[in-house]
Each structure stands twice: as structure tokens, then as C-alpha cells.
Amino acid sequence: MNDKLFEGELVRLTAANSEKDAEHFARWGQDSEFLRLMDTEIALPQSVKEAKDAIVKWMETERPDGIGFVMRARADDKPLGFIGLNGIRWNHGDAFVGIGMGEREYWGKGYGTDAMRVILRYAFTELNLHRVSLSVFEYNPRARRSYEKCDFRVEGRDRQVLHRDGKRYDVIFMGILGEEWRVTGDK
Ligand SMILES: CC(C)(COP(=O)(O)OP(=O)(O)OC[C@H]1O[C@@H](n2cnc3c(N)ncnc32)[C@H](O)[C@@H]1OP(=O)(O)O)[C@@H](O)C(=O)NCCC(=O)NCCS
């Protein structure tokens, strides 16, 4: 029995606190590179009030088809970003995962990969999902490599669907099955 379901080596996943975390979410949303890595939407900053409302909606009203967490550094509890399962189709045992580490100085240091491993364990051992899917932009090799380290496989792509700074890029679809996740042991 795992008594540390929300704990990784570097991060822990917690509920968001709309009062305390909104300021961090709004600050991350001022970072246009972060926005462009996360979303196909037009990059647009959020006020603290908008971030607060979005957190409440994310945490409360999107359930049961979505489950979101804030990832915090285990060392000092600092909020680093968010991670969540959305579009859960309980009848099929399938969900999408999204991850965004807003604190840039933590990029490339294993925190995001650690958070992804925690949520995959949660998806496969607590929610008993069959598969988890995600999409990643062609211009985000760091994210793609992080997902490969978690054993996601490329399953397809929308060719040239993105238009950024005069160039076209693919959206890559990746997925992992519970049985593939289990092969590499109890993570
Ligand atoms: C994507 C994200 C979750 C990855 O988490 P992370 O903790 O930074 O990732 P890690 O440090 O574990 O691994 C990154 C890997 O990418 C590699 N990498 C970094 N930049 C790279 C590049 N330009 N090309 C190829 N590989 C690259 C690193 O070397 C590392 O691989 P390694 O461990 O084999 O050396 C995190 O960086 C993040 O949230 N970034 C901002 C928002 C974002 O991109 N979200 C994802 C949207 S799909």
C-alpha cells in the first residue's frame, strides 16, 4: 500500500490554494515563452483575480472529469507549477495530462519529470486508468524528452498545425498504457 501517493523525489502534489497560489499563477502567466509552450491559444496574461477564479474553477467545478494539483518543491514547499488530468473518460479509462512548471529556474532539473511520474502512478494505481495521453509542440524538445523519460510513446502528429513567428510546427501526440508503465516497476 502506497502511503506517499502524492510524493515524488523532488516534488509533492497538493491541492491549489486559490488565495495563496493565485499570485504565482498570474506571474507565470506573464511569461510569454511559458504561455507558448503550454497553449495554442493567443498568449494573454491573467490578473491575480482572474487566476484566482480560474483556480477555483479548476479545483472545484471541473471534477470529476478533471483532477488538478499544484506541484511544490519538497525542500521548501515553494509552488513550482501545476499538473492535472483532464478530459477523463471513466468508461474508457483514459485521460489527458497537462503539466506546466512556471518557475523557470527549475526547468531542466528533473522536477517536472518527477511530477509526471507521480501523476502517472496516481493515474494507474489510484484511478485505475488504462491509458494517459498528452500533446506537445514540436518546438518543445525539453518536454518531449521529459515525457520519453516517463515512457510515453509518440502516437501521431498534426502536421504544421501551429504558426509561430513565421514558421509552422507540428503538434505531437504521445501516450502511455498502464501495462507499459507497469513494466518498469512500481515507481
Ligand atoms: C516540460 C517540463 C515539464 C519538463 O520538466 P523538467 O523537470 O524541466 O524536465 P527534466 O529536467 O527532467 O528533463 C528535461 C530533459 O530534456 C532535455 N532537454 C532540455 N532542453 C533540450 C533541448 N533543447 N533539446 C533536447 N533535449 C533537451 C534535458 O537534457 C533533459 O533530458 P536528460 O535528463 O536526458 O538530460 C518543464 O520543463 C516545464 O514545465 N516547462 C515549461 C512548460 C512546458 O513546456 N510544459 C509542457 C507543455 S507540453
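Everything in this summary refers to the structure shown in the same document. (Residues numbered from 1 in each chain as written. Predicted model: local features only at pLDDT ≥ 70, side-chain atom pairs only at ≥ 80, totals over all residues. Heavy atoms only, no water.)

1. Overview of the overall build of the protein
Looking only at helices and strands, the protein has six helices and seven strands in total. Shown N-terminal to C-terminal, the secondary structure of the protein runs as helices and strands in the order β-α-α-α-β-β-β-α-β-α-β-β-α. The C-alpha atoms of the protein give a radius of gyration of 16 Å, which matches the 16 Å a tight globule of 187 residues would have. If you line up the protein on its principal axes, its C-alpha atoms span 40 × 40 × 35 Å. Residues classed as buried in the protein amount to 45% of the 187 residues present. As displayed, the protein has an accessible area near 10,500 Å², and 48% of this comes from carbon and sulfur atoms. (Helix = DSSP H or I, 4+ residues; strand = E, 2+ residues; numbered from the N terminus. Rg over C-alpha atoms; globule rule 2.2 N^0.38 Å. Buried < 20%, exposed > 50% of the residue type's maximum accessible area, 1.4 Å probe, protein only. Areas by Shrake-Rupley, 256 points an atom, 1.4 Å probe, with all protein chains shown as cover.)

2. Description of the sheet that holds strand β7 (residues 167–177)
Spatial ordering of the open sheet is given by β1-β2-β3-β4-β5-β7-β6, a layout of seven strands whose pairing is mixed. Of all strands in the sheet, those bounded by a partner on one side alone are β1 (11–14) and β6 (153–164). Strand-to-strand, the axes of this sheet are offset by a mean angle of 25°, without reference to chain direction. Pairing geometry for strand β5 (residues 131–137) and β7, over seven bridges, is antiparallel. Note that in β7 the partner of V136 across the bridge is I172. Lying on the sheet, helix α1 (residues 18–28) is in contact with β2 (67–73) and β3 (79–89); it crosses β3 at an angle near 90°. The strands touched by helix α4 (residues 111–125) are β1, β2, β3, β4 (94–101), β5 and β7; relative to β3, the strand with the most contacts, the crossing angle is about 30°. (Pairing = 2+ DSSP bridges. Axes fitted to C-alpha atoms, helices over the stretch in contact; angles between N-to-C directions. Contact = heavy atoms within 4.5 Å.)

3. Considering the site of the ligand
The immediate surroundings of the ligand are formed by 22 residues, with G108, G112, T113, N140 and K149 found nearest. Contact distances for the ligand include 3.2 Å between an oxygen atom and a backbone N or O atom of Y111. Contact between the ligand and G112: an oxygen atom at 2.7 Å from a main-chain N or O atom of the residue. Burial of the ligand by the protein chains amounts to 73% of its free accessible area of 950 Å². Every element with two or more residues in the shell around the ligand is listed here: α2 (32–38), β4, α4 and α5 (141–149). At seven residues, the largest contribution of residues to the shell around the ligand is made by α5. (Near = heavy atom within 4 Å. Polar contact = N/O pair within 3.5 Å; in protein donor to acceptor, adjacent residues only side chain to side chain.)

4. Re the nonpolar core
Within soluble globular proteins, side chains that are nonpolar tend to cluster in buried spots. Counting 51 residues, the largest nonpolar core has L85, M116, V132 and F152 as its most contacted members. Among the elements that line this core, the one with the most residues is α4, at nine residues. Residues within four places of M116 in sequence aside, it is in contact with I83, V97, I99, L134, Y147, C150 and F152. (Core = buried A, V, L, I, M, F, W, Y, C linked by side-chain atoms within 4.5 Å.)

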